[in-house]
Amino acid sequence: MIPAKSARPSAGLIGRIAFTAGMLKFPAFRSVVALLSVVVALTSQAADRRPLALEDLFKFKRVSDPQISPDGRHVVYTVAEVVFDENRTQSDLWLVDTAGGAARPLTSSPKNERHARWSPDGRWLAFESNRSGDYQIWLLPLGGGEARQLTSLSTGATAPVWSPTGDQLAFTSELHPEFSHLPFAEADAKNKAEADRRDKSKVKARVATQLLYRHWDSWVDGKRQHVFVVGVKDGAAAASPDGLVAGEPRNVTPGDNDAVPTSSTFSAGDEYAFSPDGKFLAFTAPTLPTREQAWSTNHDIWLVNLATLERRQLTTSPAADGCPRFSPDGRTLAYRAQAVPGNEGDRWRLMTLDLATGLRRALSENWDRSVEAFVWAPDGKKLFFTAQDAGAEPIWTLPIAGGTPTRLNGGGISGDLSITADGGVLVFNHHSANSPAEVHAVNLAGFADVVTPRALTKTNADLVAQLDLPALETVTVAGANGDPVQMWLLKPPGFDAKKKYPLVFWVHGGPQGAWSDAWGYRWNPQIWAAQGYVIALPNPRGSTGFGQKFTDEISRDWGGRIFTDLMAALAWCEQQPFIDTTRMASAGASYGGYMMNWFQGHTDKFRTLITHCGVYN
């Protein structure tokens, strides 16, 4: 292992400073004094910074889910931090003004608060919290006062969404579907009795009769995710001290099926939405019987009449459809759709559906990138969304007439879009490989600050200021068939081009995924580079953000052309004078773990192979 060194001014820079100092008697050179002093100050500052340490990763606070207030004056967001001694994270809600200024906490309980959503009038925040045990929906009055619990379902309640009319909230709850057609009180009692029975039973074995029976670290146990709607309205002070009264929750998606995607593969944020008049709810659900869902990617969008609970299936594609969003006038539904059944890595297209005529249009059909989360512009004439592109995930905009999307900002990763009611300000989360996530904003009028959005929060600024976090460098090599393969390179702090460094060659998972200019809380290349390694992060075929053909070419060829791509990227690294080719390792997780096993049988280039959650034990 090579110890990291601090960056220091080069001899050339020192010489140029001395030369300039000698020339100050000439007026033409006086104007550069301020600039040079800044250069010296920045160089000195870099020299004072230290490499990232493992314990630093647990000190970073994790900023997410910014939501702008209806009047555009404030942004609420979630900040999670690691409680190291208790081996957990804890999250709270924070508020910052869009005009700038210091952020301030809204909640500070020892439990988790998250997924905050503004009421349409801006007077309330609905959020989920486990401060009373299971996660429930809570309401916080912005005019002052303590948060109070809105729901008390025995099966919990999460992910609140307000109706545009402000008199209803939708949320999800995971429950036993056999009780879901019963009146709420009876169904809730039966769900609680079943949970108590299982807790008290001495038999802890689980019997699985169909897939899916487990999601990551959570057992399904025959439960389904259903959507509930609860009425909320202003009430007399005598009825409610804070002026809000809630009705009885109603299960609006009963039956033996999930009403939201249970995998993040098919989800892009809140997967249900109210119509502007509050009379209907659109939601995303798998179409096939539960026994058939494990080997299908089919999800469709449904519309439920909240007065009658009558459902209507809006999409019928055998591939995945999801993320329904009503246009401001309620006439059009925008959503994401894949075209190839069974292909999780297929391109997500941005679609619109005319609710009156049933006419569907693929707005991004001729654009070879995959649409992620999106929001409508309040005038209904365009949409804003994020999409991967060559190792970055910027914000794009596209008119509802279709065409080629316009890119709004630069590198790094943008997400969690939220827009003001007048369409003047767009807020979002943004991070990069040397900068953890913070809330950013752009003024959409005139697009004056779109290329370089302004940061509204500086949650981790003090810690980042202490650290030497080099930026990624990008290179392109010729892979299989001569196709270009992009690769990121991260050099250690205090890098000296005259020295040789050991190499760690990363292979990403998916396999349809990508290494991006992104901050990570698990696989973070900065912590590896800080130990004195050069880190290579190639994006061979199978990677996303380089066109669908490139993504698809790994299918049924897990050890073929992608292996050629990876070896080409490695060969480029071996040709660099600063790489010690006698000390090279490779590491990967998921599909990357599979490739570690493939490397083991197909190359002797690496002295060490590190496999995490791969195909083989």
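Quick notes on the rules
- Residues numbered from 1 in each chain as written.
- Predicted model: local features only at pLDDT ≥ 70, side-chain atom pairs only at ≥ 80, totals over all residues.
- Heavy atoms only, no water.
- Salt bridge = Lys/Arg side-chain N within 4 Å of Asp/Glu carboxyl O.
- Helix = DSSP H or I, 4+ residues; strand = E, 2+ residues; numbered from the N terminus.
- Buried < 20%, exposed > 50% of the residue type's maximum accessible area, 1.4 Å probe, protein only.
- 1 Å grid on protein atoms, 1.4 Å probe; cavity = no way out; pocket = protein on both sides within 12 Å on 5 of 7 lines; lining within 4 Å.
- Points joined across faces, edges and corners; volume = space filled by probe spheres on them.
- Nonpolar A, V, L, I, M, F, W, Y, C, P; charged D, E, K, R; others polar.
- Axes fitted to C-alpha atoms, helices over the stretch in contact; angles between N-to-C directions.
- Parallel < 35°, antiparallel > 145°, perpendicular 65-115°, else oblique.
- Contact = heavy atoms within 4.5 Å.
- Pairing = 2+ DSSP bridges.
- Patch = residues over 30% accessible without salt bridge, like charges linked within 9 Å, V, L, I, M, F, W, Y side chains within 5 Å.
- Areas by Shrake-Rupley, 256 points an atom, 1.4 Å probe, with all protein chains shown as cover.
- Phe/Tyr/Trp six-rings, centres within 6.5 Å; stacked < 30°, edge-to-face > 60°.

Peer 1: Quick question: what am I supposed to make of the pattern of salt bridges here?
Peer 2: Opposite charge on two side chains permits pairing when their charged atoms draw close. This model, assessed by the stated rule, comprises 31 salt bridges. When the shortest N-O distance is used, the salt bridge between Asp258 and Arg224 registers 4.0 Å. Taken together, the residues Asp258 in the loop between strand S15 (250–251) and strand S16 (272–274) and Arg224 in strand S13 (residues 224–234) connect sequence positions 34 residues apart. Considered together, Asp258 and Arg224 belong to a single accessibility category, that of buried residues. Linking Asp565 and Arg541 is a salt bridge whose minimum nitrogen-to-oxygen distance equals 2.6 Å. On the criterion of sequence distance, the pair formed by Asp565 in helix H9 (residues 561–574) and Arg541 in the loop between strand S35 (534–539) and helix H8 (548–552) is long-range, its members being 24 residues apart. On the accessibility criterion, Asp565 (0% relative accessible area) is buried. Sharing partners across several salt bridges, the network here consists of Asp483, Arg541, Lys549, Glu553, Asp557, Arg561 and Asp565.

Peer 1: Sorry if this is basic, but what is going on with the layout of surface pockets here?
Peer 2: One way to see where empty space is left: roll a probe the size of a water molecule over the atoms. Looking at the second largest pocket, its volume works out to about 770 Å³. Sorting the residues of the lining of the second largest pocket by element identifies helix H5 (184–200) and strand S12 (218–219) as the ones contributing at least two each. With four residues, H5 is the largest single contributor of residues to the lining of the second largest pocket. Considering only residue class, the lining of the second largest pocket consists of 10 nonpolar, six polar and nine charged.

Peer 1: Can you help me understand the packing of H9 against helix H10 (residues 591–602) in this one?
Peer 2: Packed helix pairs are specified by the crossing angle of their axes together with the interaxial distance, meaning the distance between the axes. Viewed as axis vectors pointing N to C, H9 and H10 meet at an angle of 80°, and their least axial separation amounts to 12 Å. Relative to H10, the element H9 lies roughly perpendicular. Only Tyr591, Met595, Trp598, Phe599 and His602 of H10 make contact with H9, whose side of the interface consists of Ile562, Phe563, Leu566 and Met567.

Peer 1: Would you mind going over the pairing of strand S32 (residues 473–478) with me for this structure?
Peer 2: Consecutive side chains along a regular strand alternate between the two faces of the sheet. Examined bridge by bridge, S32 and strand S33 (residues 484–490) share six bridges and lie antiparallel to one another. Bridging from a neighbouring strand, Thr476 pairs with Gln486 of S33. Counted along the chain from S32 to the antiparallel partner S33, the turn is five residues long, and its residue Asn481 has a positive phi close to 60°.

Peer 1: Got a minute to help me understand the sheet that holds strand S26 (residues 395–399) in this structure?
Peer 2: Sheet strands line up and pair through hydrogen bonds in the backbone, either parallel or antiparallel. Within the open sheet, the four strands sit side by side as S24-S25-S26-S27. Their pairing is antiparallel. Taken across any chain shown, the strands that pair with only one partner, and hence form the sheet edges, are strand S24 (371–376) and strand S27 (406–407).

Peer 1: Just to check I follow, could you spell out the sheet that holds strand S21 (residues 332–337) for this structure?
Peer 2: In spatial order, the strands read S20-S21-S22-S23; together these four strands make up an open sheet with antiparallel pairing. The open sheet has two edge strands, strand S20 (321–326) and strand S23 (360–362), and neither has a second partner. Across the sheet, the mean angle from the axis of one strand to that of its neighbour is 25°, orientation sign disregarded. In this structure, strand S22 (residues 349–354) lies alongside S23, joined through three bridges in antiparallel fashion. Bridge assignment links Thr352 to a residue of S23, and that residue is Arg361.

Peer 1: Where do I start with the environment of Phe228 in this structure?
Peer 2: Secondary-structure assignment places Phe228 in strand S13. Placed 58 residues apart in sequence, Phe228 and Ala170 show a C-alpha to C-alpha distance of 5.5 Å. The residues contacting Phe228, other than those within four sequence positions of it, are Leu153, Leu169, Ala170, Phe171, Ser173, Leu175, Phe184, Pro249, Arg250, Asn251 and Val252.

Peer 1: Would you take a moment to explain unusual backbone geometry for this structure?
Peer 2: Excluding glycine, most residues fall at negative phi; most peptide bonds, likewise, are trans. Leu211 connects to Leu212 through a cis peptide bond whose omega is -5°. Within the element layout of this structure, Leu212 appears in the loop between H5 and strand S11 (214–215). With an omega of 0°, the peptide bond running from Gly510 to Pro511 counts as cis. With respect to the helices and strands, Pro511 occurs in the loop between strand S34 (501–507) and helix H7 (525–529). Unusually for a residue other than glycine, Asn87 sits at a positive phi of about 55°. Examined against the element boundaries, Asn87 turns out to sit in the loop between strand S2 (74–83) and strand S3 (88–97).

Peer 1: Help me understand a nonpolar patch on the surface in this model?
Peer 2: On the surface, Leu211, Leu212, Tyr213, Trp219 and Trp295 cluster together into a nonpolar patch covering about 540 Å² of accessible area. Relative to the helices and strands, Trp295 resides in the loop between strand S17 (280–286) and strand S18 (299–305).

Peer 1: I tried to follow the packing of aromatic side chains on my own but got confused; where do I start?
Peer 2: What describes a pair of aromatic rings is the distance from one ring centre to the other and the angle between the planes of the rings. In the structure shown here, the tally under the stated rule is 21 aromatic pairs. When the ring of Phe60 is compared with that of Trp519, the centres are 4.9 Å apart and the planes differ by 65°; the resulting orientation is edge-to-face. With Phe60 in the loop between helix H4 (54–57) and strand S1 (62–68) and Trp519 in the loop between S34 and H7, this pair connects stretches of sequence that are 459 residues apart. A residue is classified by how much of its surface remains accessible, and Phe60, at 0% relative accessible area, is buried. With a centroid separation of 5.5 Å and an interplanar angle of 25°, the aromatic rings of Tyr591 and Tyr594 are classed as stacked. Placement of the pair is Tyr591 and Tyr594 together in helix H10, with a separation of three residues, close to one helical turn. These aromatic residues form a ring-pair network of at least three members: Phe505, Phe563, Phe599 and Phe606.

Peer 1: What should I look at first to understand the pairing of strand S9 (residues 158–162) in this one?
Peer 2: Most of S9 is tucked away: four of the five residues are buried. With antiparallel pairing between neighbouring strands as the criterion, S9 and strand S10 (residues 168–175) make up a hairpin whose turn holds five residues, including Gly166 at a positive phi of roughly 80°.

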